Amino acid sequence: MRTVAGPEAGALAARARALAVLRIRGAALAVALLPAAVAVVLLAGSATGRIGGGSHDEGWTALRWAVVGGALLVLLLAAAVAAVVVRAKPALTPTVPIAEETAPDLYRLVRDLAERLDVPAPSAIALTPDCDSWLEDRAHPAHEGRRGEDRPPPEESRQVHTVGPPATDRADRLRSGRSRADRQERRAPRAPVLVIGSPFLWWMRVAELRALLAPVVAGTGPSVHPDIAAARRFVRGLDAAVAVAASGDDDPASGGGTGTPLGRAVRRPALAFVGWIARLLLRGCRDHAAQMERAVAAAASERAQAVDYGLRIVAQEQVGLAYAGWDRLLTRVALPAWRMGRWPSRLDAGVVSALTELSRRDRLAEGFASRLSERPACDLLEEPGLIDEATSLLAARLFHGGPPEPGPDWSPVDWGKYPEEVVDRKWRQEAARLHRVLEERTDPSGPPPTPASTPTPPTLARVMDRLTATGPEDTGTDGLGEDLAARLTVELAREEAAAHRATAQARQARTAEGAGGDPWIDGFAPLLPLQPPRTGRELLADHVTAMVCCAAVDTAGAAPGLDWLDGPALLVAGRRRADLSHPVLTLVEDGDAAPLRSWLAEVGVRPEKPVRLV
C-alpha cells in the first residue's frame, strides 16, 4: 500500500470529505425521487397487468393514485427547495475590487507566486479593511450573471469581416461558439478571489507580502478541484437558503417582509419548510465541510513550505504588529471622527504613521522602522490614494454603519485637518453638552431658574464648583456626580437615537430611489461595536476633560492635536500633555479639585474665563 505524504495527502483528504458532502446531496436527491420511483413502478405494473386485477383492482387503483399524488407533492417540494438553494445569493464579504489595470504589478506578483507553487492563479484580487487574507469562492450560480457581463467576447466575434460563409452561417456559428464557451465555463471550476487585508499593503514590504500570501495562494489548487468546488457551492447554497428562510423573503438582503399580506402569509410557511430542510442538510454535512476546509488549509500550507519560508516568519511578526496598530487606529483615531460625521480618507496610510510611532515608543519594536527604506507593497498599486480612500469608506460602513457615499453630513477628512475639524469640534460639542446639562439641572436647595434669567456663561470654574459642592442632606459629591453622569447618558442616548433615525430614513430614501448601498452592509453593520458602551462616570470624565481642553485652547494658547496611538491630544507649547487624566478623575470620583487647579496653574489656564462652544 502506497503512503501519500505532503500536499497530495491534504488534497486527497479534502477530496474525500468533499465526496462525503456530495453523497449527502445525492442521498437527499434520492429521498426526493424515491416516491416518484415507486409511482413509476406501480404505473408500469398496472399497464402491463402484473399489478392489480381481480377482486383487489379498486384497492390497487386507490393506492396507485395516492402514491402518484404523494410523489408529485414530494417532487414539488423538492423542486421548491432546490430552486431556493440555487437562486439564493450567498453573502459576499464586503471588499474593494482591484482591477488588473489599476494594479498590474500586484497581479504579476500573484501570478508569479502561483506559478512557483504550481497552482492556478486567483481569478481576481480584492481588498478588505481588516488584518487578514483569504480566498473567497464567488462562483455560485447566483452570481453567474454579473460575471458574464464583463466577459470578453469569444474569438469568433472578432472575425465578422473575414471572407467566408454567409452572414447567417457566421451568426449561427458565433451563437454555437458562445454557447459552447458558456457550457465550458460553467463546467470548469472558477478560481477563487484573493482577498487581501489593506493594512498589509501599506505596512508590509513587497517581499514580506509575497511570503505572507504564499500559503493563501496555494489554496487555489484544491479549490478548483471539481468535487471540492461542488461541495463548497452546495454548502454555501444551503447557508444562503437558511438566510432566506430566516428573513422571510426570497432575498435576505432586502430585509424581508415585502409583497402583499396574502403573499407573505403563503411565503413564510413555505420558506420555513425550506429552512428546516436546509438546516437538516447542513447539520449532516457540517463536520465533513469543516474537515474539508482544514484539509485544504493543510495542503496549502504544506505546498507553500518551500517558498520564502524565512521571510514568512518575519511577515507573521508584522501581521501581529499591523493588527495592533490597526485596532488602535480604529478605536482611538477613526471612531471619534465617525461619531462626528467625518471619515478619515487615509486610514491605511495612518497605519504606517501609527506603527512608526509605536516603533519609537516600544523598545520591542526597534528595527521595524528601518524597514521603511524598502519598497512598500502599496507601490504595486497604480493609484494607492484612491484605493486607500475606498477602503477607508468601507471601513467606516463596516465598523460604524456609515452611509455608502459621502454627503454633507458624512464628509472625508485629511489627517492634516483632523485636529481642527475633528478634535477641536469634538471637545466643544462635549463642553456644550456638559454646559447644557448643568443649565437644565436645578439646585434642590435653591429656587429654580426662571426663563427670563440671564444665561450662565460656560466656564470651567463653574464645572469644578458644581462637582466639589456638597449635595443636599450632606450626601457629598457622589450624588452630584452620579446625577450629572446619568443626565449625560440620557442626553447622549437621545442624540444617538436621533442620528440612527436619520440614518434609517436616508437608507430608506436611497432604497426607494433604487440607488446606493449594499443591503448586506447597510442592513447589518456594525455587527460588533469597536468599544464597549461607556459608563456614566467615564462619560462625565470625558466631558470634563473636553471642557478643560477648550479652556486651555481659549485662554492658554494650547492647540488640538492628533496622537496616532491615543487619538485626540492637547498640545501645549507644541508638546503633548498626557498628564490630564489623573486630575480629572480625582475631581470626578473624589470631588477634589486641588490636583486639577494645580495643573491649570502650571499650564496657565484661566478657569473663570468663558469658553467658546459650537
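Residues numbered from 1 in each chain as written. Predicted model: local features only at pLDDT ≥ 70, side-chain atom pairs only at ≥ 80, totals over all residues. Heavy atoms only, no water.

## Considerations on the overall build of the chain
- The helix and strand inventory of the chain stands at 20 helices and nine strands.
- Evaluated residue by residue, the chain yields a buried proportion of 42% over its 614 residues.
- Here the contacts in the chain between residues at least 6 apart in sequence split such that 79% fall between residues at least 24 apart.
- Accessible area for the chain stands at about 31700 Å²; split by element, carbon and sulfur atoms hold 57% of it. (Helix = DSSP H or I, 4+ residues; strand = E, 2+ residues; numbered from the N terminus. Buried < 20%, exposed > 50% of the residue type's maximum accessible area, 1.4 Å probe, protein only. Contact = heavy atoms within 4.5 Å. Areas by Shrake-Rupley, 256 points an atom, 1.4 Å probe, with all protein chains shown as cover.)

## Observations concerning the pattern of salt bridges
- Evaluated as defined, the whole model comprises 29 salt bridges.
- Among the salt bridges present, the one from Arg111 reaches Glu100, with a minimum N-O distance of 2.7 Å. A residue pair is termed long-range when its members are at least 10 positions apart, and Arg111 in helix H3 (residues 104–117) and Glu100 in the loop between strand S1 (96–98) and H3 qualify at eleven residues.
- Taking relative accessible area as the criterion, Glu100 reaches 36% and is therefore assigned partly exposed. (Salt bridge = Lys/Arg side-chain N within 4 Å of Asp/Glu carboxyl O.)

## Examining the packing of aromatic side chains
- Within the structure shown, the criterion is met by three aromatic pairs.
- Summarising the aromatic geometry, the rings of Phe273 and Trp276 are spaced 6.3 Å apart at their centres and angled 35° between planes, so their arrangement reads as tilted. Of this pair, Phe273 and Trp276 both sit in helix H10 (residues 261–303), separated by three residues, roughly a single helical turn.
- Each ring, one from Trp415 and one from Trp564, has its centre 4.9 Å from the other, and the planes form 75°; the classification is edge-to-face. A residue pair is termed long-range when its members are at least 10 positions apart, and Trp415 in the loop between strand S6 (411–413) and helix H14 (418–440) and Trp564 in the loop between strand S7 (559–563) and strand S8 (567–572) qualify at 149 residues.
- Judged by relative accessible area, which is 16%, Trp415 ranks as buried. (Phe/Tyr/Trp six-rings, centres within 6.5 Å; stacked < 30°, edge-to-face > 60°.)

## Some details on the side chain of Arg462
- Relative to the elements of secondary structure, Arg462 occurs in helix H15 (residues 460–468).
- With a relative accessible area of 15%, Arg462 lands in the buried category.
- In contact with Arg462, other than residues within four places in its own chain, are His435, Leu438, Glu439, Thr456 and Pro457.

## Let's talk about the sheet that holds strand S2 (residues 124–128)
- The strand order across the open sheet formed by four strands is S1-S2-S4-S3, and the pairing between neighbours is mixed. Of all the strands in the sheet, the pair left with one neighbour each is S1 and strand S3 (134–136). Averaged over all neighbouring strand pairs, the angle between strand axes comes to 35°, with direction disregarded.
- Strands S1, S2 and strand S4 (193–197) of the sheet are contacted by H3, whose axis makes an angle of about 115° with S2.
- Packed on one face of the sheet, helix H13 (residues 384–400) meets S1 and S2 and runs near 155° to S1. (Pairing = 2+ DSSP bridges. Axes fitted to C-alpha atoms, helices over the stretch in contact; angles between N-to-C directions.)

## Points about unusual backbone geometry
- The phi angle at Asp118 is positive, at roughly 60°, despite the residue not being glycine.
- As for its position among the elements, Asp118 is in the loop between H3 and S2.
- The backbone of Ala573 shows a phi angle near 55°, a positive value even though the residue is not glycine.
- Among the secondary structure elements, Ala573 is positioned in the loop between S8 and strand S9 (575–576).

## Quick look at the pairing of S4
- Across the five residues that make up S4, a large majority, five, are buried.
- Residues of S4 alternate between two faces, with Val193, Val195 and Gly197 on one and Leu194 and Ile196 on the opposite face, all of them buried.
- For S2 and S4, the ladder comprises five bridges, and the chain directions are parallel. Across the sheet, residue Ala124 finds its bridge partner in S4, namely Val193.

## Some points on the nonpolar core
- Formed by 106 residues in total, the largest nonpolar core has its most connected members in Leu209, Val217, Trp338, Leu347, Leu540, Val544 and Leu570.
- Dropping the residues within four chain positions of it, Leu209 is found in contact with Leu106, Ile196, Phe200, Leu201, Met204, Ala377 and Leu380.
- If you look at the next biggest cluster of nonpolar residues, it comprises 30 residues, including Ala88, Val242, Ala278 and Cys285. (Core = buried A, V, L, I, M, F, W, Y, C linked by side-chain atoms within 4.5 Å.)

## Remarks on helix H12 (residues 347–361)
- Taking 1.5 Å of rise per residue, the 15 residues of H12 would be expected to cover 21 Å, and the 21 Å separating its terminal C-alpha atoms lies within 8% of that figure.
- Burial within H12 is extensive, with eleven of its 15 residues counted as buried.
- Residues Leu347, Asp348, Gly350, Val351, Val352, Ala354, Leu355, Thr356, Glu357, Leu358 and Ser359 constitute the buried set of H12.
- Of the surrounding elements, those touching the buried residues of H12 are helix H6 (198–203), helix H11 (309–339), strand S5 (342–344) and H13. (Expected span 1.5 Å × (residues − 1).)

## Overview of the sheet that holds S8
- Taken in spatial order, the three strands of this open sheet run S7-S8-S9, and their pairing is antiparallel. Of all strands in the sheet, those with a lone pairing partner are S7 and S9, marking the two edges.

## Some thoughts on the confidence of the model for the chain
- When pLDDT is averaged along the chain, the result is 81; 77% of the residues meet or exceed 70.
- In this model, residues 145–171 is a region of pLDDT below 50 whose contacts with residues beyond four sequence positions or in other chains number 18 contacts.
- In this model residues 471–476 is a low-confidence stretch, pLDDT under 50, and it forms four contacts with partners more than four residues away in sequence or in other chains. (pLDDT = per-residue confidence, 0-100.)

## Here we look at the packing of H11 against H14
- Between H11 and H14, the least distance of the axes is 10 Å, while the angle of their chain directions is 75°. By the angle class used here, H11 and H14 are roughly perpendicular. Together, Val333, Pro336 and Ala337 of H11 and Tyr418, Val422 and Lys426 of H14 make up the contact between the two elements.
- Grouping the constituent residues of the contact of H11 with H14 by class yields five nonpolar, no polar and one charged. (Parallel < 35°, antiparallel > 145°, perpendicular 65-115°, else oblique. Nonpolar A, V, L, I, M, F, W, Y, C, P; charged D, E, K, R; others polar.)

## Description of the packing of H14 against helix H18 (residues 536–555)
- Two elements in contact, H14 and H18, have axes separated by 8 Å at closest approach and are oriented at 115°. The crossing of H14 and H18 is left-handed. For the pair formed by H14 and H18, the contact residues are Asp424, Trp427, Arg428, Glu430, Ala431, Arg433 and Leu434 on the first element and Leu540, Asp542, His543, Val544, Ala546, Met547, Cys549, Cys550, Val553 and Asp554 on the second.
- In terms of residue class, the contact of H14 with H18 is made up of ten nonpolar, one polar and six charged. (Left-handed = near helix turned anticlockwise from the far one by under 90°.)

## Remarks on the environment of Ala551
- Relative to the elements of secondary structure, Ala551 occurs in helix H18.
- By relative accessible area, Ala551 is classed as buried at 1%.
- Each C-alpha atom of the pair Ala551 and Val605 lies 6.5 Å from the other, and the pair is 54 residues apart in sequence.
- Those residues in contact with Ala551 that sit more than four places away from it in its chain are Leu460, Ala556, Val605 and Val611.

## What to know about a nonpolar patch on the surface
- The grouping of Leu73, Leu76, Leu77, Phe273, Trp276 and Leu280 at the surface amounts to a nonpolar patch, some 570 Å² of accessible area in total.
- The set of elements that each furnish at least two residues to the nonpolar patch consists of helix H2 (57–87) and H10.
- When you line up the elements, Leu77 lands in helix H2. (Patch = residues over 30% accessible without salt bridge, like charges linked within 9 Å, V, L, I, M, F, W, Y side chains within 5 Å.)

## Quick notes on the environment of Ala552
- With respect to the helices, strands and loops of the structure, Ala552 is situated in helix H18.
- Put simply, Ala552 and Pro607 are 55 residues apart on the chain and 8.7 Å apart in space, counted from C-alpha to C-alpha.
- Look past the residues within four positions of Ala552 in its chain and what remains in contact with it is Gly557, Ala558, Leu570 and Val605.

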